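Each chain, letter by letter, is given below.
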Amino acid sequence: NAGVMQNPRHLVRRRGQEARLRCSPMKGHSHVYWYRQLPEEGLKFMVYLQKENIIDESGMPKERFSAEFPKEGPSILRIQQVVRGDSAAYFCASSTRDTLGTIYFGEGSWLTVV
Amino acid sequence: DAKTTQPPSMDCAEGRAANLPCNHSTISGNEYVYWYRQIHSQGPQYIIHGLKNNETNEMASLIITEDRKSSTLILPHATLRDTAVYYCIVRGNTGNQFYFGTGTSLTVIP
């Protein structure tokens, strides 16, 4: 897991607020993936991005959720108007183009909505 | 991507080999078998992957049957720190995302 940095590790938001989760991929990695894990459940794919492009967002909820991976800086997962059901662990992973088959995860960001 | 089937839970005595099975009967020719594990409250950790030949690294061995319809992850000398949920995933090398199933919860017993 070394190398993929996520912050904040823990975030508490009131219902209706916005949550922003950041992910810095491993050095040299240009592909980023976001997954969500609800309590006591498995990992669910959300979105796959390359620099400045969303490649696959088939797992993203249709409303309130967005993701970006700008040319400079970390990838951002943004959740607007959070609800209690958004409380979960959000994991980011990255890969290089050369090792497209293997992805490496960060330690996750735990969002709690109160 | 092909679907995988794993037992929901297994126990293993500390120091013994842990053998975790995975069925992937619909795997296609260009799909790899990957194994990850997730220790409680941590991010998933890559373990090993293979296409058709058996593979070994410092963490584990991967045995893939000749017809590629099943595989076994072997932890040769399980320790308490190996207690985790183990995920078997099949994925083409040009696929975009990994789909995680429910995995096998391995408990290593002292």
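Here the structure is a predicted model, which means the values were calculated and not measured.

The rules behind the values
Residues numbered from 1 in each chain as written. Chains lettered and ligands numbered in written order. Predicted model: local features only at pLDDT ≥ 70, side-chain atom pairs only at ≥ 80, totals over all residues. Heavy atoms only, no water. Core = buried A, V, L, I, M, F, W, Y, C linked by side-chain atoms within 4.5 Å. Buried < 20%, exposed > 50% of the residue type's maximum accessible area, 1.4 Å probe, protein only. Helix = DSSP H or I, 4+ residues; strand = E, 2+ residues; numbered from the N terminus. 1 Å grid on protein atoms, 1.4 Å probe; cavity = no way out; pocket = protein on both sides within 12 Å on 5 of 7 lines; lining within 4 Å. Points joined across faces, edges and corners; volume = space filled by probe spheres on them. Nonpolar A, V, L, I, M, F, W, Y, C, P; charged D, E, K, R; others polar. Pairing = 2+ DSSP bridges. Salt bridge = Lys/Arg side-chain N within 4 Å of Asp/Glu carboxyl O. Disulfide = S-S within 2.5 Å. Contact = heavy atoms within 4.5 Å. Buried area = accessible area lost by both parts, 1.4 Å probe. Polar contact = N/O pair within 3.5 Å; in protein donor to acceptor, adjacent residues only side chain to side chain.

Draft legend 1. Region of the structure containing the nonpolar core. Core analysis: the biggest nonpolar cluster contains 22 residues, and W34, M46, L77 and Y90 of chain A have the highest contact counts within it. At the level of secondary structure, the elements contributing two or more residues to this core comprise β3 (19–24), β4 (31–37), β5 (43–50), β7 (65–68), β8 (75–79), β9 (88–95) and β11 (109–113) of chain A. By size, the runner-up hydrophobic cluster in this structure holds 21 residues, among which are A18, L20, V33 and Y86 of chain B.

Draft legend 2. Layout of the layout of surface pockets. Counted as a void, the largest pocket has a volume near 630 Å³. Put simply, the parts of the chain that give the lining of the largest pocket at least two residues each are β5, β9 and β11 of chain A together with β8 (84–92) and β9 (104–109) of chain B. Of the residues contributing to the lining of the largest pocket, the split by class is 14 nonpolar, 12 polar and three charged.

Draft legend 3. Broad picture of the pairing of β5 of chain A. All names here are of chain A. The element β5 is largely enclosed, with a buried count of six among its eight residues. Bridge analysis of β4 against β5 gives seven bridges, and the strand direction is antiparallel. By the bridge assignment for β5, Y33 is matched with Y48. Following β4, the chain reverses through five residues before pairing antiparallel with β5; E40 in that reversal takes a positive phi of roughly 60°. As judged from the three bridges shared by β5 and strand β6 (residues 53–56), these two strands associate in the antiparallel manner.

Draft legend 4. Just the pattern of salt bridges, in detail. Taken as a whole, this structure holds four salt bridges over all chains when the rule is applied. With its nearest N and O atoms 2.8 Å apart, the salt bridge here joins E18 of chain A to R78 of chain A. Here E18 of chain A is found in the loop between β2 (10–13) and β3, whereas its partner R78 of chain A is found in strand β8, with 60 residues between them in sequence. Note on R78 of chain A: relative accessible area 27%, which makes it partly exposed. As a salt-bridge pair, D82 of chain B and R37 of chain B come within 2.8 Å of each other at their nearest N and O atoms. In this pair, D82 of chain B sits in the loop between β7 (70–75) and β8 while R37 of chain B sits in strand β3 (residues 31–38), placing the two residues 45 residues apart along the sequence.

Draft legend 5. Main features of the sheet that holds β7 of chain B. Residue and element names in this part refer to chain B. With respect to topology, four strands assemble into an open sheet ordered β2-β7-β6-β5, the strand pairing being antiparallel. Only two strands of the sheet have a single partner each, and these edge strands are β2 (18–23) and β5 (55–56). When strand β6 (residues 61–64) meets β7, the two strands line up antiparallel, connected through four bridges. Counterpart to I63 in the pairing with β7 is T72.

Draft legend 6. Up close: the state of the cysteines. Residue and element names in this part refer to chain A. Considering all chains together, one arrives at two disulfides over all chains under this definition. With its sulfur 1.8 Å from that of its partner, C23 forms a disulfide with C92. Given an S-S torsion of about -60°, the disulfide between C23 and C92 has left-handed geometry. Placement of C23 in strand β3 and of C92 in strand β9 is noted, with a sequence separation of 69 residues between them.

Draft legend 7. Fine view of the interface of chain A and chain B. Contacts between the two partners involve 21 residues from chain A, matched on the other side by 19 residues from chain B. Between chain A and chain B the total buried area reaches about 1600 Å² when both faces are included, carbon and sulfur atoms providing 51% of it. In this assembly, chain A and chain B are joined by zero salt bridges. Run the count over chain A and chain B and you get three residue pairs in polar contact (both at pLDDT 80 or more). Partitioning the side of chain A that touches chain B into residue classes produces 12 nonpolar, seven polar and two charged.

Draft legend 8. Seen up close, unusual backbone geometry. Residues and elements named next belong to chain A. Backbone torsion omega between N7 and P8 reads 0°, so that peptide bond is classified as cis. Relative to the helices and strands, P8 is located in the loop between β1 (5–7) and β2. Residues other than glycine seldom take positive phi values, yet R64 does so here, at roughly 75°. Within the secondary structure, R64 is located in the loop between β6 and β7. The residue Q81 is not glycine, and still its phi comes out positive at about 45°. One can find Q81 in the loop between β8 and β9. We classify Q81 as exposed; its relative accessible area is 53%.

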